[in-house]
Amino acid sequence: MNLKAIWFDFGGVLSPPIDDLFNEYHAKTGVSRIQMEAAMAEVARPMGVHPLAPIELAMLTQREWGMRMRQELTTLYPGIDLQRCDFDNHGDQWFKDHSANAGMIDLMKEAKELGFKVGILTNNVVEWEKPWRTMLDVDHLVDDIVDSCKVGARKPQKQIFELSAHRIGCSPGECLLIDDLEENCDAARAYGWRAIVFRDNVQTEAELRDLMGSATFA
């Protein structure tokens with residue numbers, strides 16, 4: 001098997017699980033995941049895009065998105081208390097007090113030491129870059145970071161997989177995605193990549209080590 005490049009998702013793979021991030025945000029602000037996701041869907045509805053696309057494709061700034069989130073939350077949930085929500089600095093509040101997934105960082109290092117190219121392929125937000133990259137501290141390790149808000153495409157769109165393979169100098173068949181969303185892994189496979197659906201560190205490490213062990217660099 002001619003595997004050369006391993007791409008790690010950020011949210012839910014290199015970061016803590018998404019459920020943990022939402023639960024901690026609820027504890028910080030009193031706003032639940034159900035409420036946040038309902039408001040995000042309403043913000044995106046007039047634009048005809050995925051609920052996260054307005055910020056993950058930089059269609060709205062964080063401040064613009066935050067203003068609309070406040071409006072939609074207030075409309076959907078009259079009387080909701082948003083005093084503890086800092087939507088102008090949502091990324092900082094969202095990632096504060098969280099640590100990276102050390103097991104996946106170690107696996108990334110192991111892959112690099114074995115001779116594979118490693119990258120981060122993330123749907124992310126312009127204004128969140130400093131907090132999430134500070135959390136990881138892997139700029140010295142990765143060969144490339146492809147961020148939806150900078151390239152104008154997001155997983156599961158074909159363009160982001162084509163661009164990522166090109167930028168790291170590999171064919172689609174030489175690339176592997178590790179992602180916690182089945183939809184993104186299915187899309188990667190449809191475009192010629194391999195993929196591992198991240199469920200936990202133990203399962204992902206076992207699957208990746210098996211693939212790395214059978215890889216050739218010819």
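Analysis parameters
Residues numbered from 1 in each chain as written. Predicted model: local features only at pLDDT ≥ 70, side-chain atom pairs only at ≥ 80, totals over all residues. Heavy atoms only, no water. Pairing = 2+ DSSP bridges. Helix = DSSP H or I, 4+ residues; strand = E, 2+ residues; numbered from the N terminus. Axes fitted to C-alpha atoms, helices over the stretch in contact; angles between N-to-C directions. Contact = heavy atoms within 4.5 Å. Expected span 1.5 Å × (residues − 1). Buried < 20%, exposed > 50% of the residue type's maximum accessible area, 1.4 Å probe, protein only. Right-handed = clockwise from strand over helix to strand, strands pointing away. 1 Å grid on protein atoms, 1.4 Å probe; cavity = no way out; pocket = protein on both sides within 12 Å on 5 of 7 lines; lining within 4 Å. Points joined across faces, edges and corners; volume = space filled by probe spheres on them. Nonpolar A, V, L, I, M, F, W, Y, C, P; charged D, E, K, R; others polar.

Participant: Looking at this structure, how should I read the sheet that holds strand β3 (residues 144–147)?
Facilitator: Strands pair in a sheet through their backbones, by hydrogen bonds, and they do so in one of two ways: parallel or antiparallel. Taking strand neighbours across the sheet as the criterion, the five strands line up as β3-β2-β1-β4-β5 in an open arrangement whose pairing is parallel. Lying at the two open borders of the sheet, with one neighbouring strand each, are β3 and β5 (194–197). Averaged over all adjacent pairs, the angle separating strand axes in this sheet is 20°, with direction ignored. Pairing of strand β1 (residues 5–8) with strand β2 (residues 117–122) involves four bridges; the strand directions are parallel. Paired with Ala5 across the bridge in β2 is Lys117. Contacts from helix α10 (residues 158–168) reach β1, β2, β3 and β4 (175–179) within the one sheet, and its direction differs from that of β3 by about 160°.

Participant: Can you help me understand helix α7 (residues 102–113) in this one?
Facilitator: An α-helical segment advances 3.6 residues per turn. Residues three or four places apart therefore align on the same side. Between its terminal C-alpha atoms α7 stretches 16 Å, which fits the 16 Å expected from 12 residues at 1.5 Å a residue. Along α7, the residues classified as buried are Gly103, Met104, Ile105, Leu107, Met108 and Ala111. Contacts made by the buried residues of α7 are with β1, α1 (10–14), β2, α8 (129–136) and α12 (201–213). Remark: Gly115 follows α7 within two positions and exhibits a positive phi of approximately 105°.

Participant: I'm lost on the pairing of β5 in this one. Help?
Facilitator: A regular strand carries its side chains on alternate faces of the sheet. Two elements, β4 and β5, share four bridges in a ladder whose sense is parallel. The partner of Ile178 across the bridge, within β5, is Ile196. One crossover worth recording links β4 to the parallel β5 by way of helix α11 (residues 182–190), and it is right-handed.

Participant: Whenever I open this one, the layout of surface pockets confuses me. Can you help?
Facilitator: Unoccupied space between atoms shows up once a probe the size of one water molecule is rolled over them. The volume enclosed by the largest pocket comes to roughly 710 Å³. Lining the largest pocket are 32 residues, with Ile18, Leu52, Glu56, Asn123 and Leu181 sitting closest to its centre. Looking at the lining of the largest pocket, the elements that each hand over two or more residues are α1, α2 (18–29), α3 (33–44), α6 (90–95) and α11. By residue class, the composition of the lining of the largest pocket is 15 nonpolar, eight polar and nine charged.

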